[in-house]
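Secondary and tertiary structure notes
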Number of protein chains: 2
Amino acid sequence: MKQVIRDKRDGRALTRESIAAWIRGVTDGTVPDYQSAALLMAITLRGMDREETVALTDAMLHSGRVLDWKGLGPPTVDKHSTGGVGDKVSIALAPWVAACGAAVPMIAGRGLGHTGGTVDKLEAIAGFRAELSAKEFASQVKRIGVAIAGQSADLAPSDRTLYALRDMTATIESRPLVTASILSKKLAAGAAGIVFDVKCGRGAFMETRAEAASLARDLVYVAEAFGRRARALVTAMNEPTGLAIGNASETAEALSVLRGEGPPDLTSLTRLLGSAMLVLAGVAGERHEGDARLERALGSGEAVRRAEAMIQAQGGDPRVVATPALLPRASIETKVSVDRAGYVSAIDSRSLGLLLVAMGGGRERREDSVDHAVGIRLLRKVGARVEAGGTVALIEARRDAPDWAEAARRAFTIADHPPPEEPILIEDLGS
Amino acid sequence: MKQVIRDKRDGRALTRESIAAWIRGVTDGTVPDYQSAALLMAITLRGMDREETVALTDAMLHSGRVLDWKGLGPPTVDKHSTGGVGDKVSIALAPWVAACGAAVPMIAGRGLGHTGGTVDKLEAIAGFRAELSAKEFASQVKRIGVAIAGQSADLAPSDRTLYALRDMTATIESRPLVTASILSKKLAAGAAGIVFDVKCGRGAFMETRAEAASLARDLVYVAEAFGRRARALVTAMNEPTGLAIGNASETAEALSVLRGEGPPDLTSLTRLLGSAMLVLAGVAGERHEGDARLERALGSGEAVRRAEAMIQAQGGDPRVVATPALLPRASIETKVSVDRAGYVSAIDSRSLGLLLVAMGGGRERREDSVDHAVGIRLLRKVGARVEAGGTVALIEARRDAPDWAEAARRAFTIADHPPPEEPILIEDLGS
């Protein structure tokens, strides 16, 4: 192990064998955390080439159970997003795509720091169980074509260990570590096709288009190295997605998309990804056909019914799809007002994400519990006209909260002119 | 702590406060090893400037007890060597300098990997106790002007923790970490003056003159930042020092210097360092005066008597100074012969050091025990003429050892011509 650390410290590529030995040691606990921590930092500063990244992904993937959907019938397809504040896409996307004829076995995460997690959002639904056994997960996907579950202990367990260590050692951002972490979980979940949504912009994991495109290419390359079909979309993220920030309100907003009532940016992004998934799964021949199938599933109510079936199968109250008021919502509203008139030119996602954590709606530490009912509701998005003293957002909390309203106000930048409109899709990296 | 790691990962200088907080956490165990390991690797790859190195040294130094020799009478002076195979200088140097009127409170180390340690070598003397309490150490220095002891638990305890971690995480070689580790111990031992012997050459810690001089300057800079007098000599190390490699035989050889019977290279190096120590302590005005004092202490027998007094005070048999045959010596000799005639042009110190470990005379791991009696005796040094089939060294082991003899033979390079003679002193960096 010391020689492996030394090799990476000195900038040499690691062999497939030494990477495999390291991950075996991480999985069975024979490599001490401090040696892994030193190696993680050396990887962060020295990098890994694609061959090493594939070898690392392979070792992490095979540290646990790998699901297999052969004989399922419908083609399987999954989506991964690099995440962002207000990104509740998966909750609408998975049942919607399933309603169009592809199966979606989706493993999702919990929130940490300024970004939320799909599992936390779904757990805002009374009774909803995200922790499914591999058997329950498989049986649900067979039965209704869709499940969204947390990462169970037997899927890529080494990723769980390494992620916790990376979180404590400032090695979260390393590109090859990110790639291997994402893919080991997604490949273990077993879908034949994977669409990657790589966010780009202020507050996103990748700030520049070049960085985002480079990560997108790595993700597609590694997924294809394992015989999966893959496509990556680089999408714009210069403000929170949709209008709701907070677990219950984000679930409500995502479900509103399936009723045809979602905010335009969230709806467009969900359609864009859904269509790409249908094409990748071979259910649709090209994008317009994918769009048309999505439209039909919306119009027929099949998307709503599939979401209800999924929620019911996982123990939740399916009536929330039609009646979002059943979801918890903190009742004390504080207005967020701006001083001057003008146009919203930027909304700082990261600081709103951190504000939600401060309000109890997110996690500072892995073991923290989350208040599903609190949130921040945006009334104005980038490009909107505002008057002096006008309200741009609401704090929904369990107390009157002028301090939080002030923090939210600082996240808004008001300018004399509206910023140029930007398309959602920045780059489309298919195979 | 995560922010501190992040700062160094991104190449920023750490503040005095964050370094102090880290070392407090290392000392009281509240910073987990994996976070220290990640930070150590980030420091190894990103470096530390001199201000950070001084702050790190300061924090490590004050993690434990700092000895104070005020009111002792004679000036205190110490020596540190970056170490090498066959380097037994301290054993002769400390009592010799003490015999000239400076007090030498010396903290020494144990061997690990290919380099040996002064404490292991002294423990080859029956009864010798290197583990002294701070009180015993101080009282002995007061009484006879010299003590050589292992690093007790209360001197720079954070260095002990960090060194063990560095050893396991391939972060031993980092310049600022080396500097802070050396100086935290030496400064804690409290001598007013410190001479550094920075080895340079094949098999030394620093291979090039530029690297060695740069480390030498750092050591002097940091020592002076703490108000100590300091001087660094960069000395040549292209073969083992002296003729003996192995704990008991190295102690015997070092003591032979005090009887005027040491091998020329070892004697010259010991004189060079001794004279520098006497000048630094103010006992001699300049080098020639230091040389003359050393000469007188040798001629008068005072150096021998001081070594005897030191060994006796620490529980060992003082007769070994006059009668080295009292030291243990493995009795089975295997000749190391070379195939061709020519001149010895190089002797690979590192491989001989590792051979000694394989023979049981050194440590692979910190907890290994050491066989003091085994060794490698050089009969020819660099520049010597050899005949085909001639013997260049002897393996002294507990069994007939043609395999070890073969390994030793490969450490010798024989050429048609002798290499150019090199002076011992390469550079003298005083203040």
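Worth saying up front: this structure is predicted, and the values here are computed from it rather than measured. (Residues numbered from 1 in each chain as written. Chains lettered and ligands numbered in written order. Predicted model: local features only at pLDDT ≥ 70, side-chain atom pairs only at ≥ 80, totals over all residues. Heavy atoms only, no water.)

1. Quick look at the relation of the copies chain A and chain B
The operation relating the two chain copies consists of a rotation about an axis and a shift along that axis. Expressed as a screw transformation, the operator carrying chain A onto chain B has a rotation angle of 180 degrees and an axial translation of 0.0 Å, and the superposed copies differ by an RMSD of 0.0 Å. Overall, the copies show the geometry of a two-fold rotation axis. Taking C-alpha positions as the reference, the residue of chain A nearest the rotation axis is A:Tyr34, at 1.9 Å. A high fraction, 100%, of the interface residues of chain A reappear at the interface in chain B, so the copies pair face to face through one surface. (Least-squares fit on C-alpha atoms with pLDDT ≥ 70 in both. Contact = heavy atoms within 4.5 Å.)

2. A word on the packing of helix H15 (residues 349–358) of chain A against helix H16 (residues 402–409) of chain A
Residues and elements named next belong to chain A. Packing of H15 against H16 leaves a shortest axis separation of 9 Å and a crossing angle of 165 degrees. With respect to their mutual orientation, H15 and H16 come out roughly antiparallel. As for the relative orientation of H15 and H16, their crossing is right-handed in sense. Across the interface between the two elements, Leu352, Leu355 and Ala358 of H15 pack against Trp404, Ala407 and Ala408 of H16. Among the residues making up the contact of H15 with H16, the classes are represented as six nonpolar, no polar and no charged. (Axes fitted to C-alpha atoms, helices over the stretch in contact; angles between N-to-C directions. Helix = DSSP H or I, 4+ residues; strand = E, 2+ residues; numbered from the N terminus. Parallel < 35°, antiparallel > 145°, perpendicular 65-115°, else oblique. Left-handed = near helix turned anticlockwise from the far one by under 90°. Nonpolar A, V, L, I, M, F, W, Y, C, P; charged D, E, K, R; others polar.)

3. Considerations on the packing of helix H2 (residues 16–28) of chain B against helix H8 (residues 157–168) of chain B
Residue and element names in this part refer to chain B. At a minimum axis separation of 9 Å, H2 and H8 run at an interaxial angle of 85 degrees. By the angle between their axes, H2 is roughly perpendicular relative to H8. Contact with H2, carried on its side by Trp22, Ile23, Val26 and Thr27, involves Pro157, Ser158, Thr161 and Leu162 of H8 and no other residues of that element.

4. A word on the sheet that holds strand S7 (residues 332–337) of chain B
All names here are of chain B. Strand order in the open sheet formed by four strands is S6-S9-S11-S7, with antiparallel pairing between adjacent strands. The open sheet has two edge strands with one neighbour each: strand S6 (244–245) and S7. Of the strands in this sheet, S6, strand S9 (375–378) and strand S11 (391–397) are in contact with helix H15 (residues 349–358), which crosses S9 at around 145 degrees. On the sheet, helix H16 (residues 402–410) packs against S7 and S11 and is oriented at approximately 35 degrees with respect to S7. (Pairing = 2+ DSSP bridges.)

5. Examining helix H1 (residues 2–9) of chain B
One full turn of an α-helix is made of 3.6 residues, so residues set three or four places apart face in the same direction. Every buried residue belonging to H1(B) is among B:Val4, B:Ile5, B:Asp7, B:Lys8 and B:Arg9, and all of these are buried. After H1(B) finishes, the residue B:Gly11 shows a positive phi value of roughly 85 degrees. (Buried < 20%, exposed > 50% of the residue type's maximum accessible area, 1.4 Å probe, protein only.)

6. Regarding the pattern of salt bridges
Summed over the entire model, instances satisfying the criterion amount to 84 salt bridges over all chains. Its salt-bridge partner being A:Arg175, residue A:Asp218 comes within 3.5 Å of it at the nearest N-O pair. Of this pair, A:Asp218 sits in helix H10 (residues 209–225) while A:Arg175 sits in helix H9 (residues 175–189), and the two are 43 residues apart along the sequence. On the basis of relative accessible area, A:Asp218 is assigned to the buried category, the value being 17%. For A:Arg175, a relative accessible area of 22% corresponds to the partly exposed category. Through salt bridges that share partners, A:Asp7, A:Arg9, A:Asp10, A:Arg12 and B:Glu173 make up one connected network. (Salt bridge = Lys/Arg side-chain N within 4 Å of Asp/Glu carboxyl O.)

7. Quick notes on the nonpolar core
Within the largest apolar cluster, 55 residues are counted, with the highest numbers of intra-cluster contacts made by A:Val77, A:Trp96, A:Val97, A:Val104, A:Leu255, A:Leu258 and A:Leu278. Once residues within four sequence positions are removed from consideration, A:Leu255 is found in contact with A:Ile91, A:Ala307, A:Ile311, A:Val320 and A:Val321. Membership of the second largest hydrophobic core comes to 54 residues, among which are B:Ile144, B:Ala248, B:Leu272 and B:Leu294. (Core = buried A, V, L, I, M, F, W, Y, C linked by side-chain atoms within 4.5 Å.)

8. Let's talk about the sheet that holds strand S5 (residues 229–236) of chain A
The strands making up a sheet associate through backbone hydrogen bonding, with each pair oriented either parallel or antiparallel. All names here are of chain A. Reading across the sheet, the four strands line up as S1-S4-S5-S13 and stay open at both edges, with mixed pairing between neighbours. The open sheet terminates on both sides in strands that have one partner only, identified here as strand S1 (77–81) and strand S13 (425–429). Pairs of neighbouring strands in the sheet enclose a mean axial angle of 15 degrees, with direction left out of account. In terms of strand pairing, S1 meets strand S4 (residues 193–200) through five bridges, oriented parallel. Bridge pairing links Ser81 to Asp197 in S4. With respect to the sheet, helix H12 (residues 264–281) is in contact with S1, S4, S5 and S13, its orientation differing from that of S5 by roughly 165 degrees.

9. Overview of unusual backbone geometry
Residue and element names in this part refer to chain B. The backbone phi angle of Ala156 is positive, close to 40 degrees, even though this residue is not glycine. Turning to its location among the elements, Ala156 is positioned in the loop between strand S3 (146–150) and H8. The class for Ala156 is buried, based on a relative accessible area of 0%. Phi at Ala170 takes a positive value of approximately 55 degrees, unusual for a residue other than glycine. Tracing the backbone shows Ala170 in the loop between H8 and helix H9 (175–189).

10. Quick notes on the domain arrangement of chain A
Size of an interface, as often reported, equals the accessible area lost when the parts are brought together. Residue and element names in this part refer to chain A. Taken domain by domain, chain A holds domain 1 (2–47), domain 2 (77–324) and domain 3 (329–415). Between the C-alpha centres of domain 1 and domain 2 the distance comes to 30 Å. The interface is formed by 12 residues belonging to domain 1 together with 12 residues belonging to domain 2. Summed over both partners, the interface of domain 1 with domain 2 buries about 950 Å², with 83% contributed by carbon and sulfur atoms. When the buried surface of domain 1 facing domain 2 is broken down by residue, Val26, Leu40 and Thr44 rank first, second and third, together holding 45% of it. Scanning the region where domain 1 abuts domain 2 turns up zero salt bridges. At the junction of domain 1 and domain 2, the tally comes to zero residue pairs in polar contact (both at pLDDT 80 or more). Counting residues per element, the ones that place at least two in the side of domain 1 that touches domain 2 are helix H2 (16–28) and helix H3 (33–46). For the side of domain 1 that touches domain 2, a count of residues per class yields seven nonpolar, four polar and one charged. (Domains from an automatic or database assignment. Buried area = accessible area lost by both parts, 1.4 Å probe. Polar contact = N/O pair within 3.5 Å; in protein donor to acceptor, adjacent residues only side chain to side chain.)

11. As for the pairing of strand S12 (residues 412–415) of chain A
Two faces belong to every sheet, and in a regular strand the side chains alternate between them. All names here are of chain A. Of the two faces of S12, only one is covered, namely that formed by Phe412 and Ile414; the face formed by Thr413 and Ala415 stays uncovered. Across four bridges, strand S8 (residues 342–347) lies against S12 in antiparallel orientation. Within S12, the residue paired with Val344 across the bridge is Ile414.

12. Digging into the packing of aromatic side chains
The description of an aromatic ring pair uses the distance of the two centres, along with the angle that the planes make with each other. Inspection of every chain in the model, using the stated rule, returns two aromatic pairs over all chains. The residue whose ring lies beneath A:Arg399 is A:Trp404, and the NZ or CZ to ring-centre distance is 3.9 Å. B:Arg50 extends its terminal NZ or CZ atom over the ring of B:Tyr221, reaching a point 4.3 Å from the ring centre. (Phe/Tyr/Trp six-rings, centres within 6.5 Å; stacked < 30°, edge-to-face > 60°. Lys NZ or Arg CZ within 6 Å of the ring centre and 35° of its normal.)

13. Focus on the side chain of A:Lys121
Residues and elements named next belong to chain A. Take Lys121: it is sitting in helix H6 (residues 118–122). Since its relative accessible area comes to 2%, Lys121 is described here as buried. Setting aside chain neighbours within four positions, we find Lys121 in contact with Asp87, Lys88, Ile91, Gly116, Asn247, Glu250 and Thr251.

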